[in-house]
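Residue-level listing of the chains:
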Amino acid sequence: MADIDLDPEIAALLSNAEANNEENSIIEEIENIPDSTLNITKKDLMKGLDSGPINRSIHDVDLSKTEFAKVEKLTNDKPSTVYSDPKYYKIVLTGENASAQRVHQLLSKYLTCQDAKDRAVYRQQIVTAYWELLRGLASKMADKSIPEPKRMLVRFGVLLPSLFKAEQKEFFSKIIKENKTGEPILYTDEWFAEIASGKMKNSMTDEKRQPQKNLTAEEANTVEQSKLIQLQSKHSGKLQSAENMLGIKENERNMLEHNLKDKVEALCEHQPILGLAPHTAGLTDFQRKLFSEITETLHGISKNDKELTKALNEYQEAHSLYDSVSSKIQEGGGMPVQADEGAVKIEFETIRQMAKMTIGRRGNQFPLFTREFYHCTEKGTGTRENVIEILRWIESIDPGVFHRVHKNVPNRIVPYVLLVPTYGDRGFCWEPFDRYNRVTSRGRIVVPMYPRDLTIAVLTAVADLRWQVAKEKASYYWMEEGLTGQYYQHFDQMKLKGDVKEFFIEDYILWMTKESTGVQRLDKDVRGIFWRNMPYPKPLKEELRKRSLVYDELCKKDANREMSDGY
């Protein structure tokens, strides 16, 4: 290849590869690939549906968990060798559709182009070509045998390891690939795998899915098994909710019975009369008062028995439904034998829209990882472990953030979190919960992996979730009742203009980052609304009241509400 005078930005982009004595520079790496290796080939459909590192239990809502476990290791000690493979680029593009050839050609022009305007054109064309390449890769993510470079492209957007800086390459090589946490935080390739396997439903869209026609017996069985697995997940959540309620009522009965025994024992204790032994004294004033207390306790036990019986019946019914669906799944051969490519195609379009939303209209749409645009720290990169640590911090300040109340019992339901490899800055909530199962289904939030501030990106997603759950709960009265109603009325009184939800999200960020540390940044009315509807934990409240009379006054109002039973 003849020597080319590269643009300084491109030269800087490529210099690291030469400094590290990599086998080929990026330009040589591209040009040395024969075009014949990039011809369109048809891959056999996956034979099994082992979704690799995904822990299947992520779809089962564990109501016994009260918080995120601390992540002890954010990265592996030993780096992976996947990015050191000189054939990485070839492996990614070989055997894919025509868009692979298109990406290959455009990337070559983009990296060697010296004219800024032409380079901008190539850059935009790469965006379109990349998503066409990803369209073909999406349905292959459920195949455990797929080459790892292809998976890393979908997960991190890494097409060329030569675009890493040395320290970036080492960091990405140490990112933990498997989901060892058991939490529903998924990379894009894992998300596609779960959709293909039928363990997850497609993300909700406004478009109606067209019914499938003329299915073969095998395809019909796959569709039926996928629906049964989704139904099993739904009943699993209901079963856990019913068991949780039953446990609460059993504990309540134990406390009432223990209280009754103590009172009866106290009632039956009589003091001997001095000089008149073995005769004992009559009831004391304290013991006479026990009659009414014992009567109240008996009424409480009677009421509890009715509620416990109802909870037991609901638990038995939920258990029966869960066992019935599980039996049908086993009768049908367990997991479906073929991936649902139709579902993956639909989800692909949804994820493409999600990626755009994290970036915004004026953001950087470039889809490939490059040190030219990646400016995150290691802890500021949206890896699974980093995001969990931020969610753990959020929940420590806003304990009810993932709670959904059912029958006056708050159930902690952590949403699915999709990590998309974009240079966006804002996360968001795609859906607060499944429209067909509002009780125990997980919501879905999306977080960009390469933002300027990962904490803010996660906070915007969680704030959006907070708003949408409260809005759905209030239904038609969302402008009048609950968190959204109170905030909207403030918004209206202040005659603010714009999207009320966006104002709420910005205020929620201040609530979490400033007000929680005693720095007053919110309007007085907003602070009161958040204090009542999204209360800090008691230790933090006590700490804040020592810092300012503002928080002390809010704590006094809490005490007044508790005394009046209006809290």
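(A) Quick peek at the overall build of the protein. A tally of helices and strands in the protein yields 18 helices and six strands. Going through the 567 residues of the protein one by one, you find that 47% of them count as buried. Residue pairs at least 24 apart in sequence account for 78% of intrachain contacts in the protein once pairs closer than 6 positions are excluded. Accessible surface, the protein as shown: approximately 29400 Å² in total, 50% of it carbon and sulfur.

(B) How the structure looks around the nonpolar core. Grouped together as the largest cluster of nonpolar side chains are 117 residues, with contacts concentrated most on Phe156, Leu159, Phe172, Leu391 and Phe530. A total of 11 residues in this core trace back to one element, the largest contributor, which is helix 13 (residues 454–474). If we ignore the near neighbours within four places in the chain, the residues touching phenylalanine 530 are Leu483, Tyr487, Phe504, Asp507, Tyr508, Trp511, Leu522 and Pro535.

(C) Representation of unusual backbone geometry. Of note in the backbone geometry, serine 475 takes a positive phi value of approximately 55° without being a glycine. Looking at serine 475, the relative accessible area reads 38%, which means it is partly exposed. Notably, lysine 495 is not glycine yet its phi reads approximately 55°, a positive angle. On the secondary structure map, lysine 495 appears in the loop between helix 14 (482–493) and helix 15 (500–513).

(D) Focus on the sheet that holds strand 4 (residues 416–420). The strand order across the open sheet built from four strands is 1-4-6-5, with neighbouring strands paired in mixed fashion. Pairing within the sheet leaves two strands with one partner each, and these edge strands are strand 1 (185–187) and strand 5 (428–431). Averaged over neighbouring strand pairs, the angle between their axes works out to 30° when direction is ignored. Pairing analysis gives three bridges linking strand 5 to strand 6 (residues 444–448), with the strands arranged antiparallel. Residue pairing in the sheet places glutamate 431 in a bridge with arginine 444 of strand 6.

(E) Quick peek at empty space enclosed by the protein. According to the stated counting rule, one finds three cavities of 30 Å³ or more in the structure shown. Empty space within the largest cavity amounts to approximately 70 Å³. Lining the largest cavity are Val401, Phe402, His403, Arg404, Ile413, Pro432, Leu465 and Val469. Mapped onto the lining of the largest cavity, the elements with two or more residues apiece are strand 2 (403–406) and helix 13.

(F) Expanded view of the packing of helix 8 (residues 188–197) against helix 11 (residues 341–359). Two numbers describe how helix 8 lies on helix 11: the axes approach to 9 Å, and their chain directions differ by 145°. Both helix 8 and helix 11 take part in a crossing whose hand is right-handed. Judged by residue contacts, Thr188, Trp191, Phe192, Ile195 and Ala196 of helix 8 engage Ala343, Val344, Glu347, Phe348 and Ile351 from helix 11. Taken together, the residues of the contact of helix 8 with helix 11 break down into eight nonpolar, one polar and one charged.

(G) The layout of surface pockets, seen in detail. By volume, the second largest pocket is sized at about 750 Å³. Lining the second largest pocket are 25 residues, and of these His403, Arg404, Val405, Arg466 and Lys473 sit closest to its centre. A total of six residues in the lining of the second largest pocket trace back to one element, the largest contributor, which is helix 13. Broken down by class, the residue content of the lining of the second largest pocket amounts to 12 nonpolar, six polar and seven charged.

(H) Expanded view of the side chain of serine 203. Examined against the element boundaries, serine 203 turns out to sit in the loop between helix 8 and helix 9 (217–267). Reaching out from serine 203, the side chain makes a polar contact with the side chain of glutamate 347 at a distance of 2.6 Å. Polar side-chain contacts of serine 203 include one of 3.0 Å to the side chain of arginine 444. Residues within four places of serine 203 in sequence aside, it is in contact with Trp191, Glu347, Thr350, Met354, Trp430, Glu431 and Arg444.

(I) Up close: the environment of glutamate 67. Looking at the secondary structure, you find glutamate 67 in the loop between helix 2 (26–31) and helix 3 (88–93). In this structure glutamate 67 touches Glu395 and Arg412, once residues within four positions along its chain are discounted.

Conventions adopted
- Residues numbered from 1 in each chain as written.
- Predicted model: local features only at pLDDT ≥ 70, side-chain atom pairs only at ≥ 80, totals over all residues.
- Heavy atoms only, no water.
- Helix = DSSP H or I, 4+ residues; strand = E, 2+ residues; numbered from the N terminus.
- Buried < 20%, exposed > 50% of the residue type's maximum accessible area, 1.4 Å probe, protein only.
- Contact = heavy atoms within 4.5 Å.
- Areas by Shrake-Rupley, 256 points an atom, 1.4 Å probe, with all protein chains shown as cover.
- Core = buried A, V, L, I, M, F, W, Y, C linked by side-chain atoms within 4.5 Å.
- Pairing = 2+ DSSP bridges.
- Axes fitted to C-alpha atoms, helices over the stretch in contact; angles between N-to-C directions.
- 1 Å grid on protein atoms, 1.4 Å probe; cavity = no way out; pocket = protein on both sides within 12 Å on 5 of 7 lines; lining within 4 Å.
- Points joined across faces, edges and corners; volume = space filled by probe spheres on them.
- Left-handed = near helix turned anticlockwise from the far one by under 90°.
- Nonpolar A, V, L, I, M, F, W, Y, C, P; charged D, E, K, R; others polar.
- Polar contact = N/O pair within 3.5 Å; in protein donor to acceptor, adjacent residues only side chain to side chain.

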